[in-house]
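Chains, contacts and geometry: an overview
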Amino acid sequence: MSGADRAIDFAVIGGTGLYRLAELEGVETHAVETPWGTPSAPVRVGGFGPHRIAFLARHGEGHAVPPHRINYRANLWALKSLGATRVVAVNSVGGITEAWGPRVIGVPDQLIDYTHGRAVSLWDGEGEALHVDFGEPYTPALRRALLAAAAAAGVPVVDGGCYGATQGPRLETKAEIERLRRDGCDLVGMTGMPEAALARELGLDYACLAIVANWAAGRAPEDEVITLEDVLANMAAATEPLPRLLRALAF
Ligand code: HPA
């Protein structure tokens, strides 16, 4: 099989710093309309190493869509409608606990949702209320596949951690981060939810590759001043090995 006949092995939702995958070959562009409206960007489907994948830029290809305005339902629906069954979510985050310093890549295994006012379900009053099991918010088998791919590709990653999903678009106060730390969060980002829960409602396997851009508010070592240039340099350095890691995914 080749090209459009082949199934999509996995989808990638690219976050801040990952607006496209340069290595995608023979790209087909799908401008999908969904019952929930228009996704953040067209979905690009193409060959990627041994895989056929779908790529979607969560914030739009020009980073125009802020975290609280992302149409998470349309994004996930679009990927599913194209035949994706697995979603690797790449999320830029701030680090809270020691293991999660700038430039770290990690695969969290838990999350706490602090977002509000977002469309959190595909079941909005029609049909039966659906209470999906969400004890393990990230699909364990897909997490394991990501960890194995990282090992095979020689990319160091942190295995496990709790993602605190905040509302944004502003960054957090030091007190808010201190509260997240007390709650058990290791990392903080603005786009992890409701994406993970919607993926579960749609029956999609879903796992997160978190890329640490900065120490969260109040967590940097005392003498460290974080500049925007530092954050951009951290993101560029930390996303550099991602294509290698993703190519090594095997199911
Ligand atoms: N807080 C929330 N989201 C983020 C951060 C942060 O410090 N860094 C990157 N995304």
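What this report covers is the structure whose coordinates are included nearby. Just so it is clear, the structure is predicted and the values come from calculations on it, not from any experiment. Here the residue numbers are simple positions, counted from 1 along each chain's written sequence. Where local features are concerned, this predicted model is filtered to residues with pLDDT of at least 70; where side-chain atom pairs are given and counted, the filter is 80 or more; whole-chain, interface and lining totals use all residues. Neither water nor hydrogens contribute to the side-chain values; these are computed over all heavy atoms in the structure.

Attention now goes to the overall build of the protein chain. By definition, any uninterrupted DSSP run of H or I lasting at least four residues is a helix, any uninterrupted run of E lasting at least two residues is a strand, and each is numbered from the N terminus. When you go through the protein chain residue by residue, the secondary structure sums to six helices and eleven strands. Its C-alpha atoms give the protein chain a radius of gyration of 17 Å, near enough to 18 Å, the size a compact globule of 251 residues would have. Its C-alpha atoms give the protein chain principal-axis dimensions of about 55 × 45 × 30 Å. Buried residues are those whose accessible area, probed at 1.4 Å on protein chains only, stays under 20% of the maximum for their type, while exposed residues exceed 50% and partly exposed ones sit between those limits. In the protein chain, which comprises 251 residues, the proportion classed as buried is 51%. In the protein chain, of all internal contacts separated by at least 6 residues, the share reaching a separation of at least 24 is 80%. Accessible surface for the protein chain amounts to roughly 11300 Å². Of this, 52% is attributable to carbon and sulfur atoms. Here the protein chain carries 22 positive and 30 negative side-chain charges, and the mean point of each set is 1 Å from the other. We compute the radius of gyration from the C-alpha atoms alone; for a globule the expected value is 2.2 Å times N to the 0.38, where N is the number of residues. In this description, contact between two residues means that some pair of their heavy atoms is separated by no more than 4.5 Å. Exposure was quantified through the Shrake-Rupley algorithm and a 1.4 Å probe, taking into account, for residues, occlusion by the shown protein chains and nothing else. His is not counted, nor are the chain ends, whereas Lys and Arg count as positive and Asp and Glu as negative. Note on charges: their place is set at NZ of Lys, CZ of Arg, CG of Asp or CD of Glu.

What follows deals with the pattern of salt bridges. Salt bridges are identified by distance alone: a Lys or Arg side-chain nitrogen within 4 Å of an Asp or Glu carboxyl oxygen. Counting across every chain of the model gives eight salt bridges. Its salt-bridge partner being E28, residue R52 comes within 2.9 Å of it at the nearest N-O pair. Highlighted residues: R52 in strand 4 (residues 51-57) and E28 in strand 2 (residues 25-30), separated in sequence by 24 residues. Looking at R52, the relative accessible area reads 8%, which means it is buried. With a closest N to O distance of 3.7 Å, R219 and E178 form a salt bridge. With a gap of 41 residues between them, R219 in the loop between strand 11 (205-215) and helix 5 (228-239) and E178 in helix 3 (residues 174-183) connect regions that are remote in the sequence.

This brings us to the nonpolar core. In terms of nonpolar packing, the biggest core is built from 71 residues, with L79 and L209 touching the most fellow members. By residue number, the principal contributor to this core is strand 11, which donates eight residues. Once residues within four sequence positions are removed from consideration, L209 is found in contact with V88, A89, V90, N91, I105, G106, V107, L146, L242, L245 and L246. Counting residues in each nonpolar core, the second largest holds eight residues, with I96, C162, C185 and A216 among its members. By convention a nonpolar core is built from buried Ala, Val, Leu, Ile, Met, Phe, Trp, Tyr and Cys residues, the set being connected through side-chain atoms within 4.5 Å.

Paired rings are identified among Phe, Tyr and Trp, the last through its six-membered ring, by centres lying within 6.5 Å, and are further divided according to the angle between planes into stacked (under 30 degrees), edge-to-face (over 60) and tilted (the rest). Tallied over the entire structure, the rule returns two aromatic pairs. Residues Y138 and Y206 carry aromatic rings whose centres are separated by 6.3 Å and whose planes lie at 10° to one another, so their mutual orientation is stacked. Residue Y138 is found in the loop between strand 7 (110-113) and helix 2 (140-153), and its partner Y206 is found in strand 11; the two are separated by 68 residues along the sequence. The class of Y206 is buried, set by a relative accessible area of 2%. In this arrangement the basic side chain of R86 is found over the ring face of F251, its NZ or CZ atom lying 3.6 Å from the centre. The criterion is that NZ of a Lys, or CZ of an Arg, lies within 6 Å of the ring centre and within 35 degrees of the ring normal, and then a charge sits over that ring.

Below, the discussion takes up helix 1 (residues 72-81). Extensive coverage of helix 1 is indicated by the burial of seven of its ten residues. Those residues of helix 1 that fall on the buried side of the exposure criterion are Y72, R73, A74, N75, L76, A78 and L79. Those residues of helix 1 hidden inside the fold are in contact with strand 1 (10-14), strand 3 (43-48), strand 4, strand 5 (86-95) and helix 4 (195-201).

Quick look at the site of the ligand now. Each residue is tested against the molecule or strand, and it is near if at least one of its non-hydrogen atoms lies within 4 Å. The environment of the ligand is made up of S92, V93, G94, L171, E172, V188, G189, M190 and N214. Between a nitrogen atom of the ligand and a main-chain N or O atom of G94, the distance comes to 3.4 Å. Taking N214, its side chain carries an N or O atom lying 2.7 Å from a nitrogen atom of the ligand. Broken down by secondary-structure element, the contributors of at least two residues to the shell around the ligand are strand 5 and strand 10 (187-189). With three residues, the top contributor of residues to the shell around the ligand is strand 5. A per-class count over the shell around the ligand returns four nonpolar, four polar and one charged. Polar contacts here mean pairs of N or O atoms no more than 3.5 Å apart (in protein, one a potential hydrogen donor and the other a potential acceptor; neighbouring residues in sequence count only if both atoms are side-chain atoms). When residues are sorted by character, Ala, Val, Leu, Ile, Met, Phe, Trp, Tyr, Cys and Pro go into the nonpolar class, Asp, Glu, Lys and Arg into the charged class, and all the rest, Gly among them, into the polar class.

Secondary-structure assignment places G95 in strand 5. Given a relative accessible area of 0%, G95 falls into the buried group. C-alpha separation for the pair G95 and R219, spaced 124 residues apart in sequence, amounts to 7.7 Å. G95 has contacts with W100, D186, V212, N214, W215, A216 and R219, leaving out every residue within four places of it along the chain.

Position of T38 relative to the elements: it lies in the loop between strand 2 and strand 3. T38 gets classed as partly exposed once you look at its relative accessible area, which sits at 46%. When the C-alpha positions of T38 and A78 are compared, they lie 8.6 Å apart, and in sequence the two are 40 residues distant. T38 has contacts with E33, N71 and A74, leaving out every residue within four places of it along the chain.

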